[in-house]
Amino acid sequence: VVLSDVVPASPEPADLLLLADVARMSHHPASAVAPLRRLLDRHREDPRAPLAAFTLGRVLLDDMGQAREAAESFRQTQDLDAEGPLSHDALAREVEAWSRAGDLARARERAREYIHRYPSGRRLSAVRRMAELPTTSPTAASDGTAQTE
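Residues numbered from 1 in each chain as written. Predicted model: local features only at pLDDT ≥ 70, side-chain atom pairs only at ≥ 80, totals over all residues. Heavy atoms only, no water.

(A) Up close: the pattern of salt bridges. For the coordinates displayed, the defined rule picks out 14 salt bridges. Between Arg48 and Asp46 there is a salt bridge whose closest N-O contact spans 2.8 Å. Overall, the relative accessible area of 14% leaves Asp46 in the buried class. Asp79 is the salt-bridge partner of Arg75, the closest N and O atoms lying 3.7 Å from each other. One end of the pair, Arg75, and the other, Asp79, are both in helix α4 (residues 67–80), four residues apart, so they sit about a helical turn from each other. When its relative accessible area of 30% is taken as the criterion, Arg75 is described as partly exposed. (Salt bridge = Lys/Arg side-chain N within 4 Å of Asp/Glu carboxyl O. Buried < 20%, exposed > 50% of the residue type's maximum accessible area, 1.4 Å probe, protein only. Helix = DSSP H or I, 4+ residues; strand = E, 2+ residues; numbered from the N terminus.)

(B) Region of the structure containing helix α5 (residues 87–100). Given a rise of 1.5 Å per residue, 14 residues ought to cover 20 Å, and the 20 Å separating the end C-alpha atoms of α5 matches this to within 8%. Among the 14 residues of α5, twelve are classified as buried, and the element is accordingly described as predominantly covered. Of all the positions in α5, only Ser87, His88, Asp89, Ala90, Leu91, Ala92, Arg93, Glu94, Val95, Glu96, Ala97 and Trp98 are classed as buried. Contacts from the buried residues of α5 go to α3 (49–63), α4, α6 (104–117) and α7 (124–130). Two residues or fewer after α5 comes Gly102, characterised by a positive phi angle close to 85°. (Expected span 1.5 Å × (residues − 1). Contact = heavy atoms within 4.5 Å.)

(C) Highlighting the side chain of Arg93. Within the secondary structure layout, Arg93 lies in helix α5. Side chain to side chain, Arg93 and Glu96 meet in a polar contact 2.8 Å long. Setting aside anything within four residues of it in sequence, one finds Arg93 in contact with Phe54, Arg58, Leu61, Asp62, Phe74 and Arg123. (Polar contact = N/O pair within 3.5 Å; in protein donor to acceptor, adjacent residues only side chain to side chain.)

(D) Quick look at the confidence of the model for the protein chain. Of all residues in the protein chain, 85% have pLDDT values of 70 or greater, and the mean over the chain is 89. This stretch, residues 137–149, has a pLDDT under 50; its non-local contacts, to residues over four places away or in other chains, come to 24 contacts. (pLDDT = per-residue confidence, 0-100.)

(E) Here's a closer look at the packing of helix α1 (residues 13–25) against helix α2 (residues 30–42). Interaxial distance between α1 and α2 falls to 8 Å at its minimum, and their mutual angle equals 160°. Between α1 and α2, the crossing angle belongs to the class labelled roughly antiparallel. Remark: the crossing between α1 and α2 carries left-handed chirality. Where α1 abuts α2, its residues Pro13, Leu16, Leu17, Leu19, Ala20, Ala23 and Arg24 lie against Ser31, Ala32, Pro35, Leu36, Arg38 and Leu39. Classifying every residue of the contact of α1 with α2 gives ten nonpolar, one polar and two charged. (Axes fitted to C-alpha atoms, helices over the stretch in contact; angles between N-to-C directions. Parallel < 35°, antiparallel > 145°, perpendicular 65-115°, else oblique. Left-handed = near helix turned anticlockwise from the far one by under 90°. Nonpolar A, V, L, I, M, F, W, Y, C, P; charged D, E, K, R; others polar.)

What follows is the structure, encoded as structure tokens:
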């Protein structure tokens, strides 16, 4: 059975997420991209849109090696729901994606945003490392500009 044959003509967000999950779980990550993008294009206001953007970023970065496109998807996750449950990890993954894309300036810019928003974030040391920012002492400023220990 070809997945596109079982999808309704006007699929709902749940159908598109299911289609993407089936593609990912069956080791066909490239087939997950189209339904995720379709959800984001047609159902941007749906509460599942941030999850679709985050999942798209993961597929693009982890499975397909498309770091720049992944960074944009992680940024879209934050734009869709800045205070949502995925925004913290999306910002950290965006830093990672820019770093893997070789755009250290963008990685540092987004890392500084992470440090500002989440000064005690669980991914703080990884974000600093990926953006090649210095480690700071506990009493130093948390804006990414403090001196190294």
